[in-house]
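Spelled out from the first residue to the last, the chains are:
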Amino acid sequence: CIRDSLNTEKKYINSYFVALNPSIKNFKSEHRGKVVGVLVCCFALCSGIYTQFYKGFLKSRGDDATILLLFLAIMLSVTPLVGGLLSRVTNSSPQSIKPIYFCYLLCIIIVVYLGTVSIIQNFTLLPALPFSIALVIMLSLFCFTPLLCKFEQLESDSYEPQVLDEEEEEEKKKQETNNTEGESNLLRTLASFDFWLLFIIYLISAGSGIVVVNNFEAIVISKEDLPKFADIKYENIPHNKEVLTFIALFSVFNAIGRILVGFLSDKFLSKLERVWWVTFCCATMCFSQLIFSIATINMIYFAVISLGLSFGGLFSAMPTLTSEIFGVKNFGANWGFIGIAPAIGSELLSALLAAKLSAKYLSLIHISEPTRLL
C-alpha cells in the first residue's frame, strides 16, 4: 500500500502492477475485491500525497523545480525496487482479513483528510508543513499491517486445524479444478471475444471519464453566459474558484468509489457477479456525463460526485473481473494489455472530440489567461 501510494502514473508499470499481481494471486476470489480496492485507492491517492509533500516540505525552499525532480527521482526509483524485492506469491491464502480492514480504515481516513486539506488550502493561507507532517504519520501506520498479519497468524496457529468432511473436500477439489481450467495465457486471451469486449468497454468508459476530468475548467466556463468576441480576464469569470473544489471532490469520491466497489463486490459475490458492478459503474458514468451536458453550476456538484464514484468503481472492478475470467496464473500479462485501454481511450477522445469542441468554443471568446482544456 505504501509503495502504491508513493508512485505516480509515470511509474504505473513499475509499482502498481508489482503490487497488484501478487496480491491477486495471494488472496481467494471472495477477498480479491477488497484487496484490489485498497491498492487502486492508494494509487488514486498518490498525486494528492505528492502534492501535499511538495507544499509542506519542498515549496518553502523556493520555486526551483530541481529539488522536486530530485525527490521524485529518488522516491520513484527506491519504492518500486524495495516493494518488488519484498513482494512474493505464497502457496496459501491468509486465514484472516482483519489486516485488509485495517488498510481500509487508513485509506478512508487519508482520503477524507486529503480532500479536506485541499479545500482548506485553496481558500486560506494556513502553512502546509503541519498538514504534511500529519500525512506522513498516517502513511507510517501502514507499516503496522505486517505486524497485524503476524499476530493473526500466531493466533490462528494456536487453534486446532479444521478437519474437512468428505463433501467439503470434494467441493474444494472441484473448485481447484475449475480454477485450473479457467487459466488463459496471453495468446488465448488476445484471441478471445471476452478480452476485446472488456477492452472496448474499459477504453470508452474510462477514456471518456478522463476527458471530463481534464476539462473541469472548460465545463465551468461553458456554463457561464459570456459575451462573444470579448476579451475577458479569467479572474472575472464567475465561479472560477469552484474548479478547485470540483477537483478536490472528484479526488475524494474517486478514491471512495474504488474501496466501496471493491468491498461490495465481495460482500454480494454470491448474489451478484462482478460483471454487474462493471455494468453499474459504466451506466452511472454515462448518467453523470449526461448531467454535465445539461447541468447548471450547482448541479455540477452532484455530477462530480457521481462521476467520481463510478470512475473509481470501474478501476476497482475491472482487475478483479479480469482475474476471474482469464485466471490468476497469467494475470500480469493479461491485465497489462487491458490496463492500457484508458490511456488509448483518453488520447482518442481528447484528440478527436474534446480538442475540436474546445477550439470551436474558444474561437468565440478570448480569455486573457489560457485554460487547461486538455
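Calculation rules
Residues numbered from 1 in each chain as written. Predicted model: local features only at pLDDT ≥ 70, side-chain atom pairs only at ≥ 80, totals over all residues. Heavy atoms only, no water. Helix = DSSP H or I, 4+ residues; strand = E, 2+ residues; numbered from the N terminus. Buried < 20%, exposed > 50% of the residue type's maximum accessible area, 1.4 Å probe, protein only. Contact = heavy atoms within 4.5 Å. Areas by Shrake-Rupley, 256 points an atom, 1.4 Å probe, with all protein chains shown as cover. Salt bridge = Lys/Arg side-chain N within 4 Å of Asp/Glu carboxyl O. Phe/Tyr/Trp six-rings, centres within 6.5 Å; stacked < 30°, edge-to-face > 60°. Axes fitted to C-alpha atoms, helices over the stretch in contact; angles between N-to-C directions. Parallel < 35°, antiparallel > 145°, perpendicular 65-115°, else oblique. Nonpolar A, V, L, I, M, F, W, Y, C, P; charged D, E, K, R; others polar. Polar contact = N/O pair within 3.5 Å; in protein donor to acceptor, adjacent residues only side chain to side chain. Core = buried A, V, L, I, M, F, W, Y, C linked by side-chain atoms within 4.5 Å. Patch = residues over 30% accessible without salt bridge, like charges linked within 9 Å, V, L, I, M, F, W, Y side chains within 5 Å. pLDDT = per-residue confidence, 0-100.

Engineer: For this particular structure, what's the right way to read the overall build of the protein?
Structural biologist: Broken down by element type, the protein carries 16 helices and two strands. In the protein, buried positions account for 44% of the 374 residues. In the protein, once contacts between residues fewer than 6 apart in sequence are set aside, the share between residues at least 24 apart is 82%. Only carbon and sulfur atoms are counted for the fraction: they give 65% of the accessible area of the protein, which is about 20500 Å².

Engineer: Can you walk me through the pattern of salt bridges in this structure?
Structural biologist: Here the structure, examined in full by the defined rule, presents three salt bridges. One salt bridge in this structure joins K34 and D266, with 3.3 Å as the shortest N-O distance. With K34 in helix α3 (residues 29-58) and D266 in helix α12 (residues 242-267), this pair connects stretches of sequence that are 232 residues apart. We classify K34 as buried; its relative accessible area is 5%. Residue classification places D266 among the buried positions, given a relative accessible area of 8%. We note a salt bridge from R274 to D266, for which the minimum N-O separation is 2.8 Å.

Engineer: Help me out: how do you make sense of the packing of aromatic side chains in this one?
Structural biologist: The geometry of an aromatic ring pair comes down to the distance between the two centres and the angle between the two planes. Under the definition given, this model contains 14 aromatic pairs. Aromatic side chains F53 and F57 sit 5.9 Å apart centroid to centroid with 50 degrees between the ring planes, which places their arrangement in the tilted category. In this pair, F53 and F57 both sit in helix α3, four residues apart, roughly one turn of the helix. Measuring from ring centre to ring centre gives 4.8 Å for F246 and Y301, while their planes differ by 70 degrees; the resulting arrangement is edge-to-face. You can see F246 sitting in helix α12 and its partner Y301 sitting in helix α14 (residues 297-326), a full 55 residues away along the chain. One aromatic cluster is present, formed by Y202, F216, F250, F292, F311, F315, F331 and W335 through successive ring pairs.

Engineer: Just checking my understanding: could you explain the packing of helix α5 (residues 98-123) against α12 for this structure?
Structural biologist: The description of two helices packed together rests on the angle between their axes and the distance between the axes. In the contact formed by α5 and α12, the axes pass within 9 Å of each other and the chain directions differ by 170 degrees. The orientation of α5 relative to α12 falls into the category roughly antiparallel. The residues of α12 that touch α5, namely those facing Y101, Y104, I108, V111, G115, S118, I119, N122 and F123, are L244, T245, A248, V252, A255, I256, I259, G262 and F263. Among the residues forming the contact of α5 with α12, the class breakdown is 13 nonpolar, five polar and no charged.

Engineer: Would you mind going over the environment of P99 with me for this structure?
Structural biologist: Position of P99 relative to the elements: it lies in helix α5. Each C-alpha atom, one on P99 and one on F142, is 9.8 Å from the other, the two residues being 43 residues apart in sequence.

Engineer: Mind showing me how you'd approach the side chain of S323 here?
Structural biologist: Relative to the elements of secondary structure, S323 occurs in helix α14. Among the polar contacts listed, one links the side chain of S323 to the backbone oxygen of T320, at a separation of 2.6 Å.

Engineer: How do you make sense of the nonpolar core when you look at a structure like this?
Structural biologist: One recurring pattern in soluble globular proteins is that nonpolar side chains are buried together. Counting 76 residues, the largest nonpolar core has Y202, F292, L314 and W335 as the members making the most contacts within it. Residue contributions to this core peak at 12 residues, all from α14.

Engineer: What is the right way to read a nonpolar patch on the surface from this model?
Structural biologist: On the surface, L70, I74, V78, L81, V82, L85 and L86 cluster together into a nonpolar patch covering about 710 Å² of accessible area. Note that L85 resides in helix α4 (residues 65-86).

Engineer: So what exactly am I meant to see when it comes to the confidence of the model for the protein here?
Structural biologist: For residues with low pLDDT, the predicted coordinates do not support detailed interpretation. For the protein, mean pLDDT is 78; residues scoring 70 or higher make up 74% of the total. Of all the helices and strands in the protein, helix α8 (residues 166-181) carries the lowest mean pLDDT, 52, while helix α13 (residues 274-294) carries the highest, 91. When the criterion is pLDDT under 50, residues 8-12 qualifies, and its contacts beyond four places in sequence or with other chains add up to 10 contacts. Predicted confidence is poor over residues 370-374, with pLDDT under 50, and the contacts of this stretch with residues over four places away or in other chains come to 14 contacts.

Engineer: Is there a simple way to explain the packing of helix α10 (residues 193-214) against helix α15 (residues 331-338) in this structure?
Structural biologist: Contact pair α10 / α15: the axes reach a minimum separation of 9 Å and the direction vectors enclose 45 degrees. Considered as vectors, α10 and α15 are oriented oblique to each other. Listed contacts from α15 to F195, L198, F199 and Y202 of α10 are N334, W335, F337 and I338. Classifying every residue of the contact of α10 with α15 gives seven nonpolar, one polar and no charged.

Engineer: Sorry, what's going on with the environment of G257 here?
Structural biologist: When you line up the elements, G257 lands in helix α12. Classification of G257 as buried rests on a relative accessible area of 2%. C-alpha separation for the pair G257 and F311, spaced 54 residues apart in sequence, amounts to 7.3 Å. Ignoring anything within four residues of it in the chain, the contact list for G257 reads L309, G312 and G313.

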